[in-house]
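Structural description and commentary
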Protein chains: 2
Amino acid sequence: MAKLTATNASEQPFIPLMQELAGAFQAFSLYDAEGLRKSGSSLTPSQARVIFTLGGTDGMTCKDIGDLTLITKGTLTGVVDRLEEKGLVERWSVEGDGRKTIVALTRRGVRVYQKEFPRHIEFLKEKFDRLGAGDRKKAVELLQKIKGLF
Amino acid sequence: MAKLTATNASEQPFIPLMQELAGAFQAFSLYDAEGLRKSGSSLTPSQARVIFTLGGTDGMTCKDIGDLTLITKGTLTGVVDRLEEKGLVERWSVEGDGRKTIVALTRRGVRVYQKEFPRHIEFLKEKFDRLGAGDRKKAVELLQKIKGLF
DNA sequence: ATAATTAGGTACTGATAAGAACATATTGAT
DNA sequence: ATCAATATGTTCTTATCAGTACCTAATTAT
């Protein structure tokens, strides 16, 4: 296999896949953000991911929140800071392990979760339901494979 | 169809698809950024997308660059600013249409493109080639469908 | 031809984004 | 028991990111 050059590198067959992955995620992200903006919840996409992840739990560590929301820990600190300022979450340290911090929804946070989570899922469902069950299953399977490549 | 509640909304079958889409894109993005970092090119992912898009052309308008790289115009101004500071691109206005600005690679920019583009494609190819041609084609097809939902 | 609209770029804002350096706490190996 | 290695969060830096407002130029409608 010859070495790639600037001219022939763009002919690699995986490039369209890379572009479509970015394009699909971008289209989804814009729609996702639009729904949150129009709901009047004043939640950013990252803030909503945290609220929706904490909903129905008694609180989780930052590490667990990060693993589920894919927000890196350095970023998560700021996101939780702003949710705390809004009075939607509270933090406390755990006694058994002094390194860990528990983040949990406040009563206000629970109310926001109960109102915004179903509303936002409904908003997304409107689009996603136009994809058939077969395509959906196959897409999940392939996206898992793609994730596993890296 | 009954209205969604906070408790049953999470059972919507499209949620795993949403998660896998984000997960796959995230995994790719991290690998992509890692390759650029380790190459010593000191290009950020956005900067590299612009350089790689301009490569082999005589320059393009900001609008066209934005359409191809999926970078919104407000962001693109800053990205091009930093590439200009590094001496990799230059800007000039077009005479036929006073609104447009052409961005093109400088000689240094061309050298960076010729060196980094094949190198980076090779870096990505190593992972993407582990996906079979059938899966790749099907994934492109499904991702186009997903993009089209929104 | 003039006014209203659209198009292309820039400036600005608030909020991520990832990584690196740091501080502290826990765990593991010896 | 002690010391190195690991784990968890925060802080800091630089760069995106999307949106909005704004500016100028071009296009369209009347």
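Please read these numbers as outputs of a predicted model, since none were measured by experiment.

Further remarks concern the pattern of salt bridges. Scanning the entire structure with this criterion turns up 20 salt bridges over all chains. The shortest N-O distance in the salt bridge between Asp-97 of chain B and Arg-99 of chain B comes to 2.8 Å. Overall, the relative accessible area of 18% leaves Asp-97 of chain B in the buried class. Within this structure, Asp-81, Glu-84 and Arg-91 of chain A form a network of salt bridges that share partners.

This part takes up the nonpolar core. In summary, soluble globular proteins display a tendency toward joint burial of nonpolar side chains. Residues Leu-21 and Ile-51 of chain A together with Leu-21 and Ile-51 of chain B are the most contacted members of the largest nonpolar core, which totals 85 residues. Top contributing element to this core by residue count: helix α1 (residues 15–39) of chain B, with 10 residues.

Listed per partner, the contact involves 49 residues of chain B and 50 residues of chain A. Across the chain B-chain A interface, the total number found is four salt bridges. Across the pair Lys-145 of chain A and Asp-135 of chain B runs a salt bridge, and its minimum N-O distance is 2.5 Å. Among the elements of the structure, α1, α5 (107–128) and α6 (133–149) of chain B are those that each provide at least two residues to the side of chain B that touches chain A. Take the side of chain B that touches chain A: its biggest share by element is 14 residues, from α1 of chain B. Residues belonging to the side of chain B that touches chain A are distributed by class as follows: 32 nonpolar, seven polar and 10 charged.

For the rest of this paragraph, the subject is the relation of the copies chain B and chain A. The transformation that overlays chain B on chain A combines an axial shift of 0.0 Å with a rotation of 180°, and the residual RMSD is 0.1 Å. Such values leave the two copies arranged in the relation of a two-fold axis. Here 100% of the contact residues of chain B are again contact residues in chain A; the copies associate through an equivalent surface.

What follows deals with helix α5 (residues 107–128) of chain A. Taking 1.5 Å per residue as the helical rise, α5 of chain A with its 22 residues ought to reach 32 Å, and the 31 Å between its terminal C-alpha atoms agrees with that figure. Restricting attention to buried positions, one finds in α5 of chain A the residues Gly-109, Tyr-113, Glu-116, Phe-117, Pro-118, His-120, Ile-121, Leu-124, Lys-125, Lys-127 and Phe-128 of chain A.

A separate point is the confidence of the model for chain A. Detailed reading of the predicted model is not advised wherever pLDDT is low. The pLDDT averaged across chain A works out to 95; a share of 99% of its residues lies at or above 70. Mean pLDDT across the secondary structure elements of chain A bottoms out at strand β2 (residues 89–93) of chain A, with 95, and peaks at helix α2 (residues 45–54) of chain A, with 98.

Once that is clear, we can look at helix α4 (residues 73–85) of chain A. Residues and elements named next belong to chain A. End to end, α4 covers 18 Å across 13 residues, agreeing with the expected 18 Å (1.5 Å per residue, within 8%). Those residues of α4 not exposed but buried are Leu-76, Gly-78, Val-79, Val-80 and Leu-83. One or two positions beyond α4, positive phi appears at Gly-87, with a value near 75°.

What follows concerns the environment of Leu-68 of chain A. All names here are of chain A. Position of Leu-68 relative to the elements: it lies in helix α3 (residues 62–69). Considering only alpha carbons, one finds Leu-68 and Phe-52, 16 residues apart in sequence, at a separation of 11 Å. Not counting the four nearest positions on each side in its chain, Leu-68 is found in contact with Thr-53 and Met-60.

Taken together, 26 residues surround DNA strand D, and among them Lys-63 of chain A together with Thr-44, Ser-46, Arg-82 and Gly-98 of chain B come closest. Counting only the atoms of DNA strand D that lie within 4 Å of the protein, the sugar and phosphate share comes to 72%. Take Gln-26 of chain A: an N or O atom from its side chain is 3.3 Å from a phosphate oxygen of DNA strand D. One nitrogen or oxygen atom from the side chain of Lys-73 of chain A is found 3.1 Å from a base oxygen belonging to DNA strand D. Those elements giving two or more residues to the surface near DNA strand D turn out to be α1 (15–39), α3 and α4 of chain A together with α2 (45–54) and α4 (73–85) of chain B. Of all the elements, α4 of chain B adds the most residues to the surface near DNA strand D, at four residues. Class assignment of the residues belonging to the surface near DNA strand D gives a composition of three nonpolar, 13 polar and 10 charged.

Attention now goes to the sheet that holds strand β3 (residues 101–105) of chain A. All names here are of chain A. Within the open sheet, the three strands sit side by side as β1-β3-β2. Their pairing is antiparallel. The open sheet has two edge strands with one neighbour each: β1 (60–61) and β2. Pairing geometry for β2 and β3, over five bridges, is antiparallel. Pairing of Ser-93 across the sheet is with Thr-101, part of β3. Against the sheet, α4 makes contact with β2 and β3, and its axis sits at roughly 120° relative to β2, the strand it touches most.

Thresholds applied
Residues numbered from 1 in each chain as written. Chains lettered and ligands numbered in written order. Predicted model: local features only at pLDDT ≥ 70, side-chain atom pairs only at ≥ 80, totals over all residues. Heavy atoms only, no water. Salt bridge = Lys/Arg side-chain N within 4 Å of Asp/Glu carboxyl O. Buried < 20%, exposed > 50% of the residue type's maximum accessible area, 1.4 Å probe, protein only. Core = buried A, V, L, I, M, F, W, Y, C linked by side-chain atoms within 4.5 Å. Helix = DSSP H or I, 4+ residues; strand = E, 2+ residues; numbered from the N terminus. Contact = heavy atoms within 4.5 Å. Nonpolar A, V, L, I, M, F, W, Y, C, P; charged D, E, K, R; others polar. Least-squares fit on C-alpha atoms with pLDDT ≥ 70 in both. Expected span 1.5 Å × (residues − 1). pLDDT = per-residue confidence, 0-100. Near = heavy atom within 4 Å. Polar contact = N/O pair within 3.5 Å; in protein donor to acceptor, adjacent residues only side chain to side chain. Pairing = 2+ DSSP bridges. Axes fitted to C-alpha atoms, helices over the stretch in contact; angles between N-to-C directions.

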